[in-house]
Amino acid sequence: MKKQIVCRQAEVSDLARIMEIIEEARVFMRKFDMDQWQNGYPTEEVFRKDISLEECYVAVCDTEIVGVMVVSIVPEVCYEEIKGQGWLTDKQEYMTIHRMAVAEKYRRKKVAKKLISFAEKICIEQNRTSLRIDTHEKNLAMKNFLEKQGFSYCGIVDYKNTVGDTLRVAYEKLN
């Protein structure tokens, strides 16, 4: 029998497990020579703030947290400048997915797909035009996944205030 995955808003009591999942993601990224998340970011404090803003969500299988993401209604500053094709819509009526990760033993088990579907539902409920997300250029798994989920490549954005490689590949999906 298949186990059901449900998404819900994260709680402070979820922080330890969220950070375990983030550490597994760091190891994965390091393995593929990505410097994203290799300098301590995102911290527990960042997730604590996301939880207080009610923007952090977890995927749960049985009682185990197996994935995490942040869905923010706040426009992303670095998205104002994009090099490439450009956004599908120039409206500020989008939501952004940040800090998405899936527990190692649950990768390729449709957890990420469930998280994206949940983010799309939130976006529609908030009457937003589209959903945006970005990832490291070397994160081929994420790039392929986003394209399979109907996201369109839009260009390159620059997180100028981050350490290491600041460029990210940006995607958008219209509702």
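Please refer to the structure higher up on the page.
Since the structure is predicted, the reported quantities are computational estimates derived from the model, not experimental observations.

1. Some remarks on the overall build of the protein chain
On a plain count of helices and strands, the protein chain comes out with four helices and seven strands. Traced from its N-terminal end to its C-terminal end, the protein chain shows the element sequence β-α-α-β-β-β-α-β-α-β-β. Relative to the 2.2 N^0.38 estimate, which gives 16 Å for 175 residues, the radius of gyration of the protein chain is 15 Å and therefore close to what a compact globule would have. Principal-axis analysis of the C-alpha atoms gives the protein chain an extent of 40 × 35 × 30 Å. When burial is assessed residue by residue, the protein chain has 50% of its 175 residues classed as buried. Partitioning the contacts of the protein chain with sequence separation of at least 6, the portion at a separation of at least 24 is 69%. Surface summary for the protein chain: the accessible area is close to 9,600 Å², and the carbon and sulfur share equals 51%. Charge-centre separation for the protein chain: the mean point of 28 positive side chains lies 6 Å from the mean point of 28 negative side chains.

2. A closer look at the nonpolar core
In terms of nonpolar packing, the biggest core is built from 49 residues, with Ile18, Phe47, Val68, Met69 and Met100 touching the most fellow members. Sort the elements by how many residues they give to this core and helix α3 (residues 111-125) lands first, with eight residues. Core analysis: the next-biggest nonpolar cluster, separate from the first, contains eight residues, Cys78, Trp87, Tyr94 and Cys154 among them.

3. What about unusual backbone geometry?
With omega at -5°, the peptide bond leading from tyrosine 41 into proline 42 counts as cis. Within the secondary structure, proline 42 is located in the loop between α1 (15-31) and α2 (44-52). If you check the backbone angles, lysine 110 has positive phi at about 70° while not being a glycine. Phi angles above zero are rare outside glycine, and asparagine 127 is one such case at about 55°.

4. Let's talk about the pattern of salt bridges
A full pass over the atoms with the stated rule returns 14 salt bridges. Between glutamate 64 and arginine 17 there is a salt bridge, and its shortest N-O distance comes to 3.3 Å. Linking glutamate 64 in strand β3 (residues 64-72) with arginine 17 in helix α1, this pair joins segments that are 47 residues apart in sequence. Using a relative accessible area of 25% as the deciding quantity, one classes glutamate 64 as partly exposed. The salt bridge involving arginine 99 is made with aspartate 50; its shortest N-O contact spans 2.9 Å. Taken together, the residues span a long stretch of sequence, with arginine 99 in strand β4 (residues 94-102) and aspartate 50 in helix α2 at a distance of 49 residues. Accessibility expressed as a relative area gives 5% for aspartate 50, which makes it buried. Linked by salt bridges that have partners in common, Arg17, Glu20, Glu64 and Lys105 make up one network.

5. Points about the side chain of arginine 132
As for its position among the elements, arginine 132 is in strand β5 (residues 130-135). Separated by 2.8 Å, the side chain of arginine 132 and the backbone oxygen of threonine 89 make a polar contact. Polar side-chain contacts of arginine 132 include one of 3.0 Å to the side chain of glutamate 172. In contact with arginine 132, not counting residues within four places along its chain, are Tyr79, Trp87, Thr89, Lys91, Tyr94, Met95, Thr96, Ile97, Tyr171 and Glu172.

About the criteria used
In this convention, every chain numbers its residues from 1, walking through the sequence in written order. Local features in a predicted model are, by the rule used here, given only for residues with pLDDT of at least 70; side-chain atom pairs are given and counted only at 80 or more, and totals for whole chains, interfaces and linings are based on all residues. Side-chain measures here rest on the full set of heavy atoms in the structure, leaving out hydrogens and waters. Working definition: helices are DSSP H or I runs of at least four residues, strands are E runs of at least two. Numbering for both runs from the N terminus. Each radius of gyration is computed over the set of C-alpha atoms, and the globule rule expresses the reference value as 2.2 Å times the number of residues to the power 0.38. Using a 1.4 Å probe on the protein chains alone, a residue whose accessible area is under 20% of its type maximum counts as buried, one over 50% counts as exposed, and one in between counts as partly exposed. By definition in these notes, contact holds between two residues if any of their heavy atoms fall within 4.5 Å. For accessible areas, the Shrake-Rupley method is used with a probe of radius 1.4 Å. Any residue's cover is judged against the shown protein chains and nothing else. When charges are counted, neither His nor the chain ends are considered; positive counts come from Lys and Arg and negative counts from Asp and Glu. Lysine's charge is taken at NZ, arginine's at CZ, aspartate's at CG and glutamate's at CD. The set of buried Ala, Val, Leu, Ile, Met, Phe, Trp, Tyr and Cys residues whose side-chain atoms join them within 4.5 Å is what this entry labels a nonpolar core. Any carboxyl oxygen of Asp or Glu within 4 Å of a side-chain nitrogen of Lys or Arg constitutes a salt bridge here. Two N or O atoms count as a polar contact when they lie within 3.5 Å, although within protein this holds only if one can serve as hydrogen donor and the other as acceptor, and sequence-adjacent residues are included solely when both atoms are side-chain atoms.

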